[in-house]
Amino acid sequence: MGRADACSTNTECTETQRCVLKDGWQTCKCADGLSGNDCEKNDWCEDPGKFKDCKGEYGTCEYSKEKRSVLCTCSTGKKVHPKENICKETCNEDTECKYEGKCEMKVGGNKFCSCKLGLTGDKCQTVFDCSPSGKYKGCENSGGKCKYDGSKAVCECSGNKKLDDKENVCKDTCSKDEECKDAQKCVEKDGWKTCQCADGLSGDDCEKLQWCEGTGKFKNCKGDNGTCEYSKEKRTVVCTCAVPERKLHPNENRCRETCADDTECKFGGKCEGNDGGNKFCSCNLGLTGDKCQTVFDCSSTGKYKGCENSGGKCKYDGSKAVCECSGNNKLHDKENVCKDPVCQQGTIQSGGASVIVWDLCSWRDMRPLIRLETTLTGDRYLSVLYDHLHSFMPIVYPDGLRQFQQDNATPHASRVATKWLQEHSSDFRHFHCPPKSPEMNIIEDIRDALLHAVEKRSPPPRTPMDLLTALQDSWCEFPPGYL
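Residues numbered from 1 in each chain as written. Predicted model: local features only at pLDDT ≥ 70, side-chain atom pairs only at ≥ 80, totals over all residues. Heavy atoms only, no water.

With an unreviewed UniProt entry as reference, the protein is termed EGF-like domain-containing protein, source organism Araneus ventricosus.

Structure follows, in structure tokens:
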């Protein structure tokens, strides 16, 4: 709205204000067309403002300090049209207005051309439906001529061309495919024949292989599955198979190896015929590949994509995919990988007190919590590994199949700790986590469970010793099968 100061004349206000009488008293208000705390916004120049179209050849929208108002300023020879609020050429008589337009007097004393419906321009010279945004915008480029017939726009086609009433462009008439371009075919529609883009093609010049892209019919016809291309001979986009052993599958629209009998199809697949005379393997649910040889859930995008890399074996059991883990590893039911995770250290806070604790655990056993008096360094971590990890492994894994996992905290990845783990590689395997992969470690779940257990205690622990006692008690209260 702008600030309101009492006034008696415009000169007592700032240059972007005027003195306005309202409710019996006069104050300085933003001038017509302006707004904002300092009247700095030209509202009338912006959509949907009064002079939103006053730009370019139609004038310049600007603020006039002299008239204390936003105006549409015109170049020489033009005046502001009182209704359209743009600059237009004036006229003196009807003969200046095209297509029987009328030169009429408007408010302000200027005369402008009044045009018939469908016409525009200062002198009614523009047929709107022939313009780039009109109904017949494609008429001229398709070999036609767009004009005004006295009441409306029409597109007249030359030679053997005929107007397509739906696309509003001129098209070549034909009697056979050979009369059309290589990328077209002769199509009968609504009682007459014209050259249209061949099946699978689109675009103004039929240059786009529509069936080969996006959701097209042959979108999967690429690489080993064939080549999607246009056939001039057949006047259609086709999926071409490179080798005789592969034929086009009528439903999948890609090239596949054929089969002779059921024995060629893996995991109980069936060799079945189709309308094209070729036989293909029909696979059980969860299997794919020309001969049903691929277990989808064992592939790089399947449910058990991480099974093999985690030491397991992914296979098909006759009805579904399964991941079998070796040694002491077990399948993690959420991550679908083989794991034997070991948790490490974490800082726990409560009631203003905090302690650093460290522990070893497996899915079968948990060691008592150990309090670390100071921040863990590489050298201190080395002594922890020697005192606790070295003795823990043979007890929990007497069969020798031992695996140790830790996160990538700085002391864990220190030179001294890494060297010690390498020296003891014959005692247990060190499972190295790639950077930014904490989801492979159960430390976060353990810490959350401890925090939740401590938060439920009443009264809450206030000192480091109280907090350590609460943590140790909560740790011992976890059921044996918790991990």
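Let's shift gears to the overall build of the protein. Counting secondary structure elements, the protein contains four helices and 37 strands. Counting every position in the protein, which comprises 483 residues, the buried fraction comes to 39%. Partitioning the intrachain contacts of the protein with sequence separation of at least 6 by distance along the chain shows that 39% fall at a separation of at least 24. For the protein, the exposed surface amounts to about 28,600 Å²; the carbon and sulfur share of it is 48%. (Helix = DSSP H or I, 4+ residues; strand = E, 2+ residues; numbered from the N terminus. Buried < 20%, exposed > 50% of the residue type's maximum accessible area, 1.4 Å probe, protein only. Contact = heavy atoms within 4.5 Å. Areas by Shrake-Rupley, 256 points an atom, 1.4 Å probe, with all protein chains shown as cover.)

On inspection of all chains with the given rule, the structure shows 24 disulfides. Sulfur-sulfur distance for the disulfide between Cys325 and Cys338 comes to 2.0 Å. Between Cys325 and Cys338 the sulfur-sulfur dihedral comes to about -85 degrees; the bridge is accordingly left-handed. Here Cys338 lies in strand S32 (residues 338-339) and Cys325 lies in strand S30 (residues 321-325), a separation of 13 residues in the sequence. With a relative accessible area of 24%, Cys325 lands in the partly exposed category. (Disulfide = S-S within 2.5 Å.)

The next thing to look at is the side chain of Lys78. With respect to the element layout, Lys78 can be found in strand S7 (residues 78-80). For Lys78, a relative accessible area of 16% corresponds to the buried category. There is a polar contact of 3.0 Å between the side chain of Lys78 and the backbone oxygen of Glu57. Among all residues touching Lys78, those that are not within four sequence positions of it are Glu57, Cys87, Lys88, Glu89 and Asp122. (Polar contact = N/O pair within 3.5 Å; in protein donor to acceptor, adjacent residues only side chain to side chain.)

A few words now on the packing of aromatic side chains. Under the counting rule described, the total for this entry stands at four aromatic pairs. An angle of 75 degrees between the planes, with centres 5.9 Å apart, marks the rings of Trp44 and Phe51 as edge-to-face. The ring of Trp44 carries the charged tip of Lys50 above its face, separated from the ring centre by 4.9 Å. The ring of Trp192 is capped by Lys162, whose NZ or CZ atom sits 4.4 Å from the centre of that ring. (Phe/Tyr/Trp six-rings, centres within 6.5 Å; stacked < 30°, edge-to-face > 60°. Lys NZ or Arg CZ within 6 Å of the ring centre and 35° of its normal.)

Here we come to helix H4 (residues 464-477). With 14 residues, H4 extends 20 Å between its outermost C-alpha atoms, agreeing within 8% with the 20 Å of an ideal straight helix rising 1.5 Å per residue. Of all the residues in H4, the buried ones are Leu467, Leu468, Ala470, Leu471, Ser474 and Trp475. Across the axial projection of H4, the buried residues extend over an arc of 165 degrees, all falling on one side. Opposite the buried face of H4, at more than 90 degrees from it, the exposed residues are Met465, Cys476 and Glu477. (Expected span 1.5 Å × (residues − 1). Arc of directions from axis to C-beta.)

Of all the residues in helix H2 (residues 415-423), the buried ones are Ala417, Trp420 and Leu421. Buried residues of H2, seen end-on, are gathered within an arc of 100 degrees and therefore sit on one face of the element. Opposite the buried face of H2, by more than 90 degrees, sit the exposed residues Arg415, Lys419, Gln422 and Glu423.

We now examine the environment of Gly216. Mapping Gly216 onto the fold places it in the loop between strand S20 (208-209) and strand S21 (227-231). When the C-alpha positions of Gly216 and Gly200 are compared, they lie 8.1 Å apart, and in sequence the two are 16 residues distant. Not counting chain neighbours up to four residues away, the residues in contact with Gly216 comprise Gln210 and Trp211.

So, on to the UniProt feature "domain: EGF-like" (unreviewed entry) in the protein. Here the UniProt-annotated "domain: EGF-like" (unreviewed entry) positions come out as residues 3-40, 88-125, 171-207 and 256-293. Taken end to end, residues 88-125 is 0% helix and 32% strand, and its first and last C-alpha atoms sit 13 Å apart. In this annotation, residues 171-207 is assigned 0% helix and 43% strand; the end-to-end C-alpha distance for the span is 17 Å. (UniProt positions renumbered as here; feature names shortened; annotations may be inferred.)

Further remarks concern the pattern of salt bridges. The full count for this structure, using the stated rule, is 23 salt bridges. When the shortest N-O distance is used, the salt bridge between Glu252 and Arg256 registers 2.9 Å. Residue Glu252 is classed as partly exposed on the basis of its relative accessible area, which comes to 32%. (Salt bridge = Lys/Arg side-chain N within 4 Å of Asp/Glu carboxyl O.)

For the rest of this paragraph, the subject is the environment of Ile86. Tracing the backbone shows Ile86 in the loop between S7 and strand S8 (87-89). In the structure, Ile86 is positioned 13 residues away from Thr73 in sequence and 8.8 Å away in space, judged by C-alpha atoms.

Turning to the pairing of S21, a few remarks are in order. Bridge count for S21 against strand S22 (residues 236-240) is five bridges, and the pairing is antiparallel. Bridge pairing in S22 links Thr227 to Thr240. (Pairing = 2+ DSSP bridges.)

In this structure, the amide linkage connecting Asp47 to the following residue, Pro48, adopts the cis form with an omega of 5 degrees. Here Tyr99, not a glycine, exhibits a phi torsion of approximately 50 degrees, which is positive. Along the chain, Tyr99 falls in the loop between S8 and strand S9 (102-105).

Attention now moves to the confidence of the model for the protein. On average, residues of the protein score 85 in pLDDT, and 88% of them reach the 70 mark or higher. Segment residues 341-346 is flagged for pLDDT under 50; beyond a separation of four residues in sequence, or across chains, it makes 38 contacts in the model. (pLDDT = per-residue confidence, 0-100.)

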